[in-house]
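Chain by chain, the residues:
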Amino acid sequence: MAGSGEVRLAGSLSIGARVRWQEREWEVVEWQGSQVTLLPQDGEEAPRAVSYRWLVGADDFAVVSGGTAPVVDGSALDGWRRQDGREEEATLWQARMVEIDTGLAPGRSDHARGFGPGTTLAQRCAAMSARLAAEGIRCSAHTLADKRRKWKTAGENPAVLLPQPREGRPGGFTDPRCLTAMQEVVARRAHDSDVTIDVIREEVEDLLHARYGKEFGDPAAVATLLPSRSTFYLRMKESGLADALDRPTRARAALASTPPLPYGGREAILRPGQVTQADTTPLRILAHGDDGRPTATEMTSLIDVANHNMCALMITPTRPRDAESGQAGQATRAIDLTLMLAQAFAPWPVMPGWDPLSAAAASSLPFGALQAADERFTEATAARPVIRPELIIYDQGSPYVSEHFTEVCDRLRIARRPARKKTAPDKPLVERFFITLAHRFSQYVRHGWQGRSHKKRGRSIERMTLYTIAELQQMAQEWVALEYQQTPDAGLRDPFRPGIMLSPNDMYAVQVARSGYRPMPLSPAQNRFLLLPRWVIPGKGGFMINYRTYQPVAQDAGHYREILLRGGSKLPGRGDKWECRFNPYHPERVWLYDHTADTWVTCDFRLRHLLHDPWTADMWQEHAEQHRAAGGSEQDEEAIALALAQRDRRRRSRRPPPKRTGTEPPFQGLELETEQPSQDPYAGLEEFDLSTLRPRPALPISPMAPPPAPAPAALPARAGGEQDGGQAPHPLEALFVAAETAGVPPDASGTGTPGEAHEVVEAELLDEPGSGADDDSYEDGDDVIDVWEEHMPGDMEP
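Model, not experiment: these values are computed from the prediction.

Calculation notes
- Residues numbered from 1 in each chain as written.
- Predicted model: local features only at pLDDT ≥ 70, side-chain atom pairs only at ≥ 80, totals over all residues.
- Heavy atoms only, no water.
- Helix = DSSP H or I, 4+ residues; strand = E, 2+ residues; numbered from the N terminus.
- Buried < 20%, exposed > 50% of the residue type's maximum accessible area, 1.4 Å probe, protein only.
- Contact = heavy atoms within 4.5 Å.
- Areas by Shrake-Rupley, 256 points an atom, 1.4 Å probe, with all protein chains shown as cover.
- Expected span 1.5 Å × (residues − 1).
- Patch = residues over 30% accessible without salt bridge, like charges linked within 9 Å, V, L, I, M, F, W, Y side chains within 5 Å.
- Salt bridge = Lys/Arg side-chain N within 4 Å of Asp/Glu carboxyl O.
- Arc of directions from axis to C-beta.
- Phe/Tyr/Trp six-rings, centres within 6.5 Å; stacked < 30°, edge-to-face > 60°.
- Lys NZ or Arg CZ within 6 Å of the ring centre and 35° of its normal.
- Core = buried A, V, L, I, M, F, W, Y, C linked by side-chain atoms within 4.5 Å.
- Pairing = 2+ DSSP bridges.
- Axes fitted to C-alpha atoms, helices over the stretch in contact; angles between N-to-C directions.
- Parallel < 35°, antiparallel > 145°, perpendicular 65-115°, else oblique.
- Left-handed = near helix turned anticlockwise from the far one by under 90°.
- Nonpolar A, V, L, I, M, F, W, Y, C, P; charged D, E, K, R; others polar.
- Polar contact = N/O pair within 3.5 Å; in protein donor to acceptor, adjacent residues only side chain to side chain.

Caption draft 1: The arrangement of the overall build of the chain in detail. For the chain, the helix and strand inventory stands at 24 helices and 21 strands. When burial is assessed residue by residue, the chain has 38% of its 798 residues classed as buried. Taking as baseline every contact in the chain between residues at least 6 positions apart, the subset at least 24 positions apart corresponds to 64%. For the chain, the computed accessible surface area is about 46200 Å², with 53% contributed by carbon and sulfur atoms.

Caption draft 2: Geometry of helix α16 (residues 469-482). End to end, α16 covers 20 Å across 14 residues, agreeing with the expected 20 Å (1.5 Å per residue, within 8%). Here α16 has its buried residues at Ile-469, Leu-472, Gln-473, Ala-476, Gln-477, Trp-479, Val-480 and Ala-481. Check the buried side of α16 and you find it contacts β9 (287-288), β10 (294-304), β11 (310-318), α12 (334-344) and α15 (428-440).

Caption draft 3: Highlighting a nonpolar patch on the surface. Taken together, Phe-688, Leu-690 and Leu-693 make up a surface patch of nonpolar side chains, about 360 Å² in accessible area. Mapped onto the secondary structure, Phe-688 falls in the loop between α21 (637-653) and α22 (733-741).

Caption draft 4: Expanded view of helix α19 (residues 557-566). Buried within α19 we find His-559, Tyr-560 and Ile-563. Buried residues of α19, seen end-on, are gathered within an arc of 100 degrees and therefore sit on one face of the element. For α19, the exposed residues set more than 90 degrees away from the buried face come down to Arg-561 and Leu-565.

Caption draft 5: Summary view of the packing of aromatic side chains. With the rule as written, the count across this model stands at 17 aromatic pairs. Between Tyr-394 and Tyr-400, the ring centres sit 6.1 Å apart and the planes meet at 15 degrees, which makes this aromatic pair stacked. Judged by its relative accessible area of 6%, Tyr-394 falls in the buried class. Among the residues examined, Tyr-400 registers a relative accessible area of 3% and is labelled buried. Considering the side-chain rings of Trp-615 and Trp-620, the 5.8 Å spacing of their centres and the 45 degrees angle between planes classify their relative orientation as tilted. By the burial criterion, Trp-615 is buried, and Trp-620 matches it. Chaining the aromatic ring pairs together yields one cluster made of Phe-433, Phe-434, Phe-441, Trp-479 and Tyr-484. Taking the ring centre of Tyr-212 as reference, the NZ or CZ of Arg-177 above it sits at 5.3 Å.

Caption draft 6: Broad picture of the side chain of Thr-338. In this fold, Thr-338 is placed in helix α12. Residue class for Thr-338 comes out buried when judged on its relative accessible area of 1%.

Caption draft 7: Summary view of the nonpolar core. If you look at the biggest cluster of nonpolar residues, it comprises 93 residues, and the most contacted ones within it are Phe-433, Phe-543 and Leu-592. With seven residues, the single largest contributor to this core is α12. When near neighbours in sequence (up to four residues on either side) are disregarded, Phe-543 contacts Val-536, Ile-537, Pro-538, Arg-548, Thr-549, Tyr-550, Tyr-560, Cys-580, Val-590, Leu-592 and Cys-603. Ranked by size, the runner-up nonpolar core spans 20 residues in total, among them Ala-181, Met-182, Ile-200 and Leu-208.

Caption draft 8: Layout of the pattern of salt bridges. Taken as a whole, this structure holds 30 salt bridges when the rule is applied. Here the residues in one salt-bridge network are Arg-589, Asp-604, Arg-608 and Glu-675, joined through shared partners.

Caption draft 9: Geometry of the pairing of strand β21 (residues 599-605). Counting buried positions over the seven residues of β21 gives six, a clear majority of the element. In the sheet, strand β18 (residues 548-552) pairs with β21 via three bridges, with the strands oriented antiparallel. What sits directly across from Pro-552, in β21, is Cys-603. For strand β20 (residues 586-594) and β21, the ladder comprises six bridges, and the chain directions are antiparallel. Across the sheet, Leu-592 pairs through a bridge with Val-601, a residue of β21. In this structure, the hairpin formed by β20 and β21 is closed by a connection of four residues, where Asp-598 is found at a positive phi of approximately 55 degrees.

Caption draft 10: Local environment of the sheet that holds strand β17 (residues 543-545). With antiparallel pairing, the six strands of this open sheet are ordered in space as β16-β19-β20-β21-β18-β17. In this open sheet, the two strands that pair with only one neighbour each are β16 (532-536) and β17. With direction set aside, neighbouring strand axes in the sheet form an average angle of 40 degrees. Summarising the sheet, β17 and β18 pair through three bridges and their orientation is antiparallel. Counterpart to Ile-545 in the pairing with β18 is Arg-548.

Caption draft 11: Highlighting the pairing of strand β14 (residues 489-494). With three bridges joining them, β14 and strand β15 (residues 497-502) adopt antiparallel strand pairing. Of the residues in β15, the one forming a bridge with Asp-489 is Leu-502. Where β14 hands over to β15, the hairpin turn is made up of two residues, counted between the paired strands.

Caption draft 12: Structural view of the packing of helix α6 (residues 176-188) against helix α9 (residues 229-238). Between α6 and α9, the shortest axis-to-axis distance is 11 Å and the interhelical angle comes to 65 degrees. On the basis of the axis angle, α6 is roughly perpendicular to α9. Of the two possible hands of crossing, α6 and α9 adopt the one that is right-handed. For the pair formed by α6 and α9, the contact residues are Leu-179, Met-182 and Val-186 on the first element and Phe-232, Arg-235 and Met-236 on the second. Along the lines of polarity and charge, the residues of the contact of α6 with α9 split into five nonpolar, no polar and one charged.

Caption draft 13: Here's a closer look at the environment of Arg-211. Structurally, Arg-211 is set in helix α7 (residues 197-216). Counting along the chain gives 11 residues from Arg-211 to Val-222, while the straight-line C-alpha distance between them is 9.6 Å. In this structure the side chain of Arg-211 is engaged in a polar contact, spanning 2.9 Å, whose partner is the side chain of Glu-184.

In structure tokens:
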């Protein structure tokens, strides 16, 4: 075991000592607090600062040679910490041990009687024992010799000289089987009328005889398990069972039905994400629902225990079940918790209109180090760190114990721990956050804030211009990044600066420097596993989810045909069914998973072209129920899609609500990146210099025109800008000149006269009057056509 054996403690660890650690030799060059700086002897690595506990607790640690300044080991440090407030007594014992060891008391130049240079160690111990006896302290010479030996082994640490406090044994010397029987009997009596301790003792005795009678074989031997009456009363009081019997029946029943904590004692939480807490509560803010009516909301939040950071939050609409129509209610579901977890693995973006101080670059986060470690941190990242949860303490609501949420946590390697029912102390941070949210955020949302109770609710809340769910989500995220993450908290303290209150971002900066940052970005393929699963049977016409037919997109049609040729998935218990993932907030597209090739087949809703506005699976189900109430069938997807499209058209044609413009999209959750990024076809090409472009030679405009007549090498210019016959220069003369300058041979244009060239061009334009400026092929030649029309003869209409 670490810390045992003489080889490991061959010499006192001190400045200048050489130690063996991690199969290498190091030199202790600095000692500050609990940090030891080691310098490698081979010179292949920079000096490293490690914790003293980790150093001496390693299995391969050993002191090769000692130094000059002796220090103490880990056990002595623990003893010193346990002796807080007894420094004077430790200093007194330190002086006594120095006098026994050297014969001279600290601060004195002469030897006391019995401690001279000629005395032995046994004589000095006897003299010190006599001196302590005169002071009223009983300590023999042998005890002093043992103390000195222990003191020298601990590096002359005075903490080992003080008497160690004895740790109390729970239950004393009472048999543990009797203590267990006492707890069982009290729990059994929790729902009955109150009883005295004497009745409990009689029932405990009967239980011991019934349980261990055959084991001992003698009733007298079983009686030894039961303590005396006075001891039994003492054990009932020490264990708290006596106080439980004095409580009311309802309190005793609630205490008995509460299971014990799934963990023992308080945990030491040192790194971000080690333990997180999640819970859902009503937000008490009315929002604008999808149907245009006010709807209640609730919030789910995930908080890190180590630094009180808000890892993620999710606002969802809620409504009770309609007793008249039988419409099902709505609340936070497993997909909402999954989208909330996806938030924790990615940075929040700064949305348009947010305060500039809500950016991570303007906060106390180590933005430069985070940006170097994770390329997702940019100037447009909100002031909230990315924390990967390792353990979630959750409420025992139905979404948290659902199969989908459990599967997602297992895939992301997140441990789960249920909190006890109706026990707020099991997750106090998230419970406290809801109070903070009501005081510092919700009450400032005047449009829709209902107050903390119906007695304090304002008037005409339902008739106000309410915010949508998406707007409330963005407002809450801005408030978290701007105020909550940057507000000092009295519960956050740096061990090296205990007098300064830190904000969650400050505390994260302190912890991440010690524990490090390891990003875990999720790819689009990994994000698809976070969506809801459905097991479908692919067919030639596609497959159905909630009576909606999905067919593969064009680029995945070949892969889909391969799946059909294979038949079933051949998975255990699935038969012919294949796994499919979809998002109920964006049901227009789903993904079929091919487990044999670990790839996805993208499929779209067959009638997606009819639905131009955003829609959700809840909206589809609502119209399906209306269609069924009217005498239709839920399988008539064409009629349901048309009804949903008509609803969107009516919403667009209605007058918008006051102070709002345009249509309001329905609540579609948080955006989850599930699409592959599009590839840039011009990526990797070098930059092209446009100045190197040269015009191509002129070609015949009409394919029916005769071959171009040869033209002279140059058109002779006349005075006044006219050529032979007093005609103005031809408007296409510039093209011939450009051809010559482009390196075309003079005789490449053929041989002929300028007049013949004029006639060819005029015939082409007259034969195809419809191919003028209105034709698409002449979009780039508008200037040429204008010039031609300007010099056209007067007897021709342009």
